[in-house]
Number of protein chains: 2
Amino acid sequence: MGRKPTMYDVAERAGVSIATVSFAFAQPGRVRPSTREAVLAAAAALGYVPNANARGLARGRTGAIGLYAFDYLLDLTEPADVLTPNDARLFPQYADEVQRGVELECRVRGLALMLGAGTPQTALPGDLGVPRVVDIAGRVDGLIAFAGAAPSDALTRIAGRIPVVELGGMSTAEGTRTVVVDNTTGMRGLVEHLLHVHRHREFRYIGDSRTAEFDARYAAYAATLAGAGVAALPPAHSAPGAEETTRAAVGDLLAADALPHVIVCSTDQEALVALDALRDNGVAVPGRVAVTGFDGIVAAGLSTPGLTTVQQPMQAVGRTAVRLLTGEITEQSAPLPTALVLRQSCGCA
Amino acid sequence: MGRKPTMYDVAERAGVSIATVSFAFAQPGRVRPSTREAVLAAAAALGYVPNANARGLARGRTGAIGLYAFDYLLDLTEPADVLTPNDARLFPQYADEVQRGVELECRVRGLALMLGAGTPQTALPGDLGVPRVVDIAGRVDGLIAFAGAAPSDALTRIAGRIPVVELGGMSTAEGTRTVVVDNTTGMRGLVEHLLHVHRHREFRYIGDSRTAEFDARYAAYAATLAGAGVAALPPAHSAPGAEETTRAAVGDLLAADALPHVIVCSTDQEALVALDALRDNGVAVPGRVAVTGFDGIVAAGLSTPGLTTVQQPMQAVGRTAVRLLTGEITEQSAPLPTALVLRQSCGCA
DNA sequence: CTGAAAGCGCTTACAG
DNA sequence: CTGAAAGCGCTTACAG
């Protein structure tokens with residue numbers, strides 16, 4: 001037998017047509033049991049492995065969905081003996097938790113998951129300007145992309161062919177859907193806690209506005225402060241995954257002698273870096289300044305002090321994205337809920 | 001324009017043949033620049049997304065590799081406020097770390113990664129006895145499978161078509177390769193430490209022998225004890241990921257009043273469960289009994305007491321597997337090294 | 001219940 | 001530098 005037997009080889013060995021082989025696998029009820037057994041026996045004898053590309057091409061769908069993540073290009077060495085919550089990626093971050101949700105949901109449904117990653121600028125040598133995301137998109141029935149991981153025009157283009165869910169998006173690419181999380185209520189609750197329980201009046205927000213989701217957080221922050229008659233200064237720029245930007249933001253506040261009483265960060269990832277930067281500069285948290293995060297990643301529970309944050313249902317975000325893609329749900333009945341998690345960094349016990 | 005424009009549509013709009021469209025993307029140097037621009041413009045205008053299935057079929061390869069994991073079917077809820085190292089899967093486990101290595105290596109190479117998971121028994125309804133692993137295998141150029149995740153006959157079959165790396169394997173499926181880790185040296189060093197530094201003589205091993213890798217650990221354990229004139233009782237059965245088996249193993253020792261001075265576990269995952277079980281029964285670790293693990297997962301550094309273990313280069317395992325698949329390396333120059341990590345659970349400071 | 005045949009959307013010698 | 005055409009390995013109406 002030649003290498004890589006095909007359906008033709010199986011058909012020949014079983015003494016049937018390729019149509020029958022195909023039916024024996026795909027629609028067993030349509031084939032006489034004895035025929036079916038003969039086909040399966042022939043397939044086993046030949047070591048037949050169906051070619052999923054051919055199947056996908058013929059069927060018009062692939063049975064797989066894609067997840068396109070932001071490529072932090074993080075190269076993690078093996079876990080150190082002494083762990084700190086800021087050893088980036090030692091503990092699962094937001095995107096990792098969402099990915100896990102996607103993975104689990106796919107497993108349950110028997111869907112294969114195709115993983116890819118890039119930045120909006122990423123283009124492979126052979127791609128000639130065509131971003132890698134289309135490479136993933138071309139082989140799946142639906143695509144989940146983290147906002148900012150793929151160029152929005154590429155997503156718009158892809159969305160014309162297959163369903164696309166852009167996480168954290170809402171605004172970027174046309175034709176895509178998103179998973180809605182109640183950022184607003186979460187942030188409002190957090191700020192109200194800082195205002196009314198800890199009686200803070202001097203706030204500063206650190207974060208970026210790369211995605212609609214981040215915008216929603218800042219908007220809720222500013223609105224809540226405004227409601228309490230507290231001025232909201234413009235946000236200090238910082239981006240999750242770019243530690244130096246967060247350190248610079250904190251450094252600027254210190255240098256300008258403009259340290260507020262609360263630093264509200266747009267993500268836990270940034271808040272943990274801020275915690276580090278403040279410690280490095282001998283600033284007591286929460287004594288001198290309170291710090292808060294957003295997301296509820298594992299590391300937030302391990303820092304010293306523990307990080308007060310808004311927990312969002314990260315795995316549920318991933319699962320919901322898959323369900324939107326499969327058509328199992330056509331829209332969310334309600335935004336996914338968030339919850340305030342109080343720890344020491346805001347001044348709580 | 002109809003839905004899902006194809007190369008034919010692009011060709012027509014650009015006024016060229018489909019061959020030229022194909023060349024414009026795949027072999028730019030072969031096409032006149034002006035032609036190429038026309039093609040790219042037409043593609044952009046139509047929102048053309050190449051069909052990877054068709055490409056894979058025509059080319060005979062897909063540009064993707066597959067990772068088939070053991071399906072623990074673990075459904076993790078959101079992180080709790082109070083974390084303990086035994087909140088299974090809150091922290092990355094062995095397989096998660098290996099997967100990360102695989103992911104990173106794939107990103108670097110521009111390879112897409114197809115994820116699937118199952119147990120040796122898993123077969124989808126539509127698969128009619130054909131395990132899902134072949135479904136993944138049919139759409140990739142190479143497959144990495146965790147030992148025990150897929151039936152070995154299926155792997156043997158697949159290995160006849162595409163390169164297969166079975167992690168933890170060595171013995172299971174014919175025609176597959178594996179990534180070799182120096183389990184022997186690691187375990188020997190651990191047992192020698194327990195023998196000579198802590199002067200222990202009463203040992204018990206907890207673990208299973210599902211894979212060659214686990215066998216190697218037990219063999220090294222038994223051999224090292226034998227070398228010191230210490231009797232090695234048969235291992236008590238326990239399996240990582242099946243917490244109840246580990247608890248039962250510990251429970252049996254307690255019930256039989258046969259608690260040794262050291263419990264050597266085949267994995268960290270089991271050792272952490274053992275730690276829990278012992279604590280639940282009021283047994284002091286390391287006071288009454290020392291406990292050790294193997295792997296060096298993150299959670300091992302977070303338990304109380306900290307878990308003494310043998311660190312293996314999990315991410316490197318994943319990366320090596322990818323390199324073996326791509327043909328970048330044809331064989332390992334040496335087994336991947338392991339390192340003894342001493343913490344409190346063995347009695348060290 | 002089974003088969004002949006078209007078609008899925010690409011790539012790639014082979015000509016020109 | 002460009003095109004006509006075969007072929008990759010399946011699925012699926014359509015006949016029988």
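Preceding block: the structure.
Overview of the structure. (Residues numbered from 1 in each chain as written. Chains lettered and ligands numbered in written order. Predicted model: local features only at pLDDT ≥ 70, side-chain atom pairs only at ≥ 80, totals over all residues. Heavy atoms only, no water.)

Notes on the sheet that holds strand 7 (residues 262–265) of chain A
Residue and element names in this part refer to chain A. The strand order across the open sheet built from four strands is 6-5-7-8, with neighbouring strands paired in parallel fashion. At either end of the open sheet lies a strand with only one pairing partner, and these are strand 6 (236–237) and strand 8 (290–292). Pairing analysis gives two bridges linking strand 5 (residues 203–207) to strand 6, with the strands arranged parallel. Paired with Ile-206 across the strands is Ala-236, a residue of strand 6. (Pairing = 2+ DSSP bridges. Helix = DSSP H or I, 4+ residues; strand = E, 2+ residues; numbered from the N terminus.)

Some thoughts on the pattern of salt bridges
Per the stated rule, a full pass over the model turns up 24 salt bridges over all chains. Taking the shortest distance from any N to any O, the salt bridge between A:Arg107 and A:Glu103 comes out at 3.9 Å. Of this pair, A:Arg107 and A:Glu103 both sit in helix 5 (residues 94–109), four residues apart, roughly one helical turn. Here A:Arg107 and A:Glu103 have matching classes, each one buried. Here B:Glu105 makes a salt bridge to B:Arg109, at a shortest N to O gap of 2.8 Å. (Salt bridge = Lys/Arg side-chain N within 4 Å of Asp/Glu carboxyl O. Buried < 20%, exposed > 50% of the residue type's maximum accessible area, 1.4 Å probe, protein only.)

Focus: helix 4 (residues 52–59) of chain B
Within helix 4 of chain B, the full set of buried residues consists of B:Ala52, B:Asn53 and B:Gly56. Buried residues along helix 4 of chain B cover an arc of 105° about the axis, so they all sit on one side. Contact partners of the buried residues in helix 4 of chain B: helix 4 (52–59) and helix 6 (132–137) of chain A. For helix 4 of chain B, the side-chain oxygen to backbone nitrogen distance between the N-cap and B:Asn53 is 2.7 Å, and the N-cap itself is B:Asn51. (Arc of directions from axis to C-beta. Contact = heavy atoms within 4.5 Å. Polar contact = N/O pair within 3.5 Å; in protein donor to acceptor, adjacent residues only side chain to side chain.)

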